[in-house]
Amino acid sequence: SALIEVGGARQSGGGIAAHAQLLGKFRGINVSAEALLANDFHLRGAQKQSVRELRAGLDAPLRIGRTLLPAHADVHLLDRRDGTTQLEASGRLAANFDRFNLATNVSYRRQYVRAGPSPPAEVRADLIGSGHLGDVRLRGAAGFDLSPSARFRTAEVSAYWSKSDRVDWEAA
């Protein structure tokens, strides 16, 4: 089943815009998609813009053996009249093992310009984990830049323990 919405608008100054949106579930996969076309139109209260914008997202459970991994993917394309285009995409997987939650996200971003060389693509990976060891709640995260140059970006670890109604301990 799916819900589809389509709309259009025209401004007194001649600007026009069209918008379409889809939200549905097909064979266990949740799908969302959106398209926006604008020509000299005041979008979101800003100056007149001429853009083509597309977004799509998928959510699906991936089964590996007995383990169910929630997966999410999305893509966003923005094309402006000045010749610049931006493409963003990301994918996320999550897993739950006993008392621990683990997730990873990989994102891609690339800008294309009409004149001159386009900047290189940016690719990032983030890892996050949380869980309990006894009464202590743990959380850790790490971020990596994979492109244009590979480097370790951030790391954080924190622990939280509540001794009583009046005493909490936290370390980061």
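Remember, predicted model here, so these are calculated numbers, not experimental data.

Reading guide: rules and limits
- Residues numbered from 1 in each chain as written.
- Predicted model: local features only at pLDDT ≥ 70, side-chain atom pairs only at ≥ 80, totals over all residues.
- Heavy atoms only, no water.
- Helix = DSSP H or I, 4+ residues; strand = E, 2+ residues; numbered from the N terminus.
- Buried < 20%, exposed > 50% of the residue type's maximum accessible area, 1.4 Å probe, protein only.
- Contact = heavy atoms within 4.5 Å.
- Core = buried A, V, L, I, M, F, W, Y, C linked by side-chain atoms within 4.5 Å.
- Salt bridge = Lys/Arg side-chain N within 4 Å of Asp/Glu carboxyl O.

Visitor: Any chance you could explain the environment of Phe100 here in plain terms?
Guide: As for its placement among the helices and strands, Phe100 is situated in strand S7 (residues 100–112). Judged by its relative accessible area of 32%, Phe100 is partly exposed. Through-space distance from the C-alpha of Phe100 to that of Arg137 is 9.9 Å; in sequence the pair is 37 residues apart.

Visitor: Honestly, the environment of Glu53 in this entry has me stumped. Any pointers?
Guide: Residue position: Glu53 is located in strand S4 (residues 48–64). For Glu53 and Gln111, which are 58 residues apart along the polypeptide, the C-alpha to C-alpha distance reads 14 Å. With sequence-adjacent residues up to four places away left out, Glu53 is seen in contact with Glu34, Ala35, Leu36, Arg44, His76, Leu77 and Leu78.

Visitor: Looking at this structure, I do not really get the nonpolar core. What am I missing?
Guide: Among soluble globular proteins, nonpolar side chains are generally buried collectively. Counting residues in each nonpolar core, the largest one holds seven residues, listed as Ala17, Leu36, Ala38, Phe41, Leu43, Val51 and Leu78. Excluding residues that lie within four positions of it along the chain, Phe41 makes contacts with Ala9, Arg10, Gln11, Gly15, Ile16, Ala17, Gln47, Lys48 and Gln49.

Visitor: Even after reading the chapter, I still don't get the pattern of salt bridges, so can you show me in this structure?
Guide: If the charged atoms of two oppositely charged side chains come close together, the side chains can form a pair. Inspection of the entire model under this criterion finds nine salt bridges. Two residues, Arg55 and Glu53, come together in a salt bridge whose shortest N-O distance is 3.2 Å. Arg153 serves as the salt-bridge partner of Asp126, at 2.6 Å between the closest nitrogen and oxygen. You can see Asp126 sitting in strand S8 (residues 122–133) and its partner Arg153 sitting in strand S10 (residues 151–162), a full 27 residues away along the chain. Under the relative-accessibility criterion, Asp126 is labelled partly exposed at 26%.

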